[in-house]
Amino acid sequence: MVYAIIVAAGEGKRAGFKIPKQFVKLNNNTILRISAEKFQQSKLIDKFLVVSHRNYVDLTEKEVQTFSKFEKVVIGGSSRQESVYNALMYLDKKENKPDFICIHDAARPFVDTNKIDESIYKAKEVGGAVLAEMAENTVSQVNNGRILKTLERSQIYLHHTPQTFNFAKLLKAYQNVEKILSSFTDDASIFIHAGYETSIVEDHKNNIKLTKKEDFELARCFFELNP
Ligand SMILES: Nc1ccn([C@@H]2O[C@H](COP(=O)(O)OP(=O)(O)OP(=O)(O)O)[C@@H](O)[C@H]2O)c(=O)n1
Ligand SMILES: C[C@](O)(CO)[C@H](O)COP(=O)(O)O
């Protein structure tokens, strides 16, 4: 069985709207609903959970309750990784645990359902799979504004979501670092830290994470071009 976890428990501070960014609408639908629909459409996803901030549980549920694959709203933690961990712990208590788990940021509504499926196929082969964009700019490592070194661009990929993993291995990887979860910035880095193999699935550049206000302007352009 393959479950998805859609993390939507953030407050959207950098985006600066009056409501958390997952409830902002694009083309009459909330970002959360647009993201969830991509998982509803995947033939490889059996069920999905949505992780919500404790103050927005009702609104979160209202947005996704019509999807047949939606199972439950889980309350999030104070960092993205703590939110994911809460959902993993919920799944671990189930009699019928998933074999694979596909974790996605609600803030990435432009994910392509075919890419979700590709990441599941790849994770079944390797153990872990991350959608990622190949670097197209020159990339440097910097300290206090000074460039320490320019990195070998052909080896640099920017992680997107979803990130898909063998469930039992990912749970173990999270348990290994449960006291320092907020020091990690995604699920793949936790999985890799535990020594498990993970592959890249090359993703479309437009699967952007809506983070700052200007990203929403870009998102509206994407919708106008591709309604
Ligand atoms: N405690 C948290 C923090 C983030 N997220 C989710 O993780 C994804 C990526 O996080 P980010 O873009 O940083 O969202 P926010 O935390 O909402 O943004 P900000 O850091 O600007 O407040 C988002 O879908 C967000 O809702 C979460 O589930 N739980
Ligand atoms: C998980 C992620 O989207 C991969 O690029 C990213 O690391 C999340 O970062 P954020 O600062 O929590 O938005």
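For clarity, every value in this text was computed on a predicted model and none was experimentally measured.

A. Fine view of the overall build of the chain. For the chain, the helix and strand inventory stands at seven helices and 11 strands. For 227 residues, the compact-globule formula gives about 17 Å, and the C-alpha radius of gyration of the chain, at 17 Å, lands near that figure. Counting only C-alpha atoms, the chain reaches 50 × 40 × 30 Å along its principal axes. Burial status across the chain gives 47% buried among its 227 residues. Partitioning the contacts of the chain with sequence separation of at least 6, the portion at a separation of at least 24 is 71%. As displayed, the chain has an accessible area near 12000 Å², and 46% of this comes from carbon and sulfur atoms. Across the chain, the centroid of the 32 positively charged side chains sits 4 Å from that of the 29 negatively charged ones.

B. Spatial organisation of the site of ligand 2. Contacts to ligand 2 come from R14, R80, D105, R108, H159, T161, T185, D186 and K209. Within the backbone of H159, a nitrogen or oxygen atom sits 2.6 Å from an oxygen atom of ligand 2. Taking 360 Å² as the accessible area of ligand 2 by itself, protein coverage stands at 73%. Taken atom by atom, the bulk of ligand 2 overlaps the largest pocket. Looking at the shell around ligand 2, its residues break down into no nonpolar, three polar and six charged.

C. Fine view of the side chain of Q22. Looking at the element boundaries, Q22 is found in the loop between β1 (2-8) and β2 (25-26). A relative accessible area of 5% places Q22 in the buried class. Residue contacts for Q22: discarding those within four places in its chain leaves A8, A9, G10, T30, I31, L32 and A106.

D. Looking closely at the environment of S182. One can find S182 in the loop between α5 (167-176) and α6 (187-193). With relative accessibility at 54%, the residue S182 sits in the exposed group. Remark: the alpha-carbon pair of S182 and K149, spanning 33 residues in sequence, is separated by 27 Å.

E. Local environment of the packing of aromatic side chains. Tallied over the entire structure, the rule returns nine aromatic pairs. Both rings, one in F17 and one in F216, keep their centres 4.7 Å apart while their planes meet at 70 degrees; by these two values the pair is edge-to-face. Note that F17 is positioned in the loop between β1 and β2 and F216 in helix α7 (residues 213-225), a separation of 199 residues in sequence. When the ring of F48 is compared with that of F70, the centres are 6.0 Å apart and the planes differ by 50 degrees; the resulting orientation is tilted. Of the two residues, F48 sits in strand β4 (residues 47-52) while F70 sits in strand β5 (residues 70-75), which places them 22 residues apart along the sequence. No difference in accessibility class separates F48 from F70, as the two residues are buried. Ring pairs connect the aromatic residues F48, F67 and F70, which therefore count as one cluster. Across from the ring centre of F17, 4.6 Å away, lies the NZ or CZ of K213, which sits over that ring.

F. A look at the pairing of β5. Examined bridge by bridge, β4 and β5 share five bridges and lie parallel to one another. Paired with L49 across the two strands is K72, which belongs to β5. In this view, the connection linking β4 to its parallel neighbour β5 by way of helix α2 (residues 57-64) has right-handed handedness.

G. Broad picture of the UniProt feature "site: Positions MEP for the nucleophilic attack" (unreviewed entry) in the chain. Here the UniProt feature "site: Positions MEP for the nucleophilic attack" (unreviewed entry) sits at R153 and K209. Filtering the just-named annotated residues for those lining the largest pocket gives K209. On the accessibility criterion, R153 (38% relative accessible area) is partly exposed. Ignoring any residue separated from it by four or fewer positions in sequence, one finds R153 in contact with A135, E136, N137 and T138. Reaching out from R153, the side chain makes a polar contact with the backbone oxygen of E136 at a distance of 2.8 Å. Relative to the helices and strands, K209 resides in the loop between β11 (199-202) and α7. Non-local contacts of K209, meaning those with residues more than four positions away in its chain, are made with R14, D105, A107, R108 and D215.

Cut-off values and rules
Residues numbered from 1 in each chain as written. Chains lettered and ligands numbered in written order. Predicted model: local features only at pLDDT ≥ 70, side-chain atom pairs only at ≥ 80, totals over all residues. Heavy atoms only, no water. Helix = DSSP H or I, 4+ residues; strand = E, 2+ residues; numbered from the N terminus. Rg over C-alpha atoms; globule rule 2.2 N^0.38 Å. Buried < 20%, exposed > 50% of the residue type's maximum accessible area, 1.4 Å probe, protein only. Contact = heavy atoms within 4.5 Å. Areas by Shrake-Rupley, 256 points an atom, 1.4 Å probe, with all protein chains shown as cover. Lys, Arg positive; Asp, Glu negative; His and termini not counted. Charge placed at Lys NZ, Arg CZ, Asp CG, Glu CD. Near = heavy atom within 4 Å. Polar contact = N/O pair within 3.5 Å; in protein donor to acceptor, adjacent residues only side chain to side chain. 1 Å grid on protein atoms, 1.4 Å probe; cavity = no way out; pocket = protein on both sides within 12 Å on 5 of 7 lines; lining within 4 Å. Sits in = over half its atoms within 2 Å of the grid points. Nonpolar A, V, L, I, M, F, W, Y, C, P; charged D, E, K, R; others polar. Phe/Tyr/Trp six-rings, centres within 6.5 Å; stacked < 30°, edge-to-face > 60°. Lys NZ or Arg CZ within 6 Å of the ring centre and 35° of its normal. Pairing = 2+ DSSP bridges. Right-handed = clockwise from strand over helix to strand, strands pointing away. UniProt positions renumbered as here; feature names shortened; annotations may be inferred.

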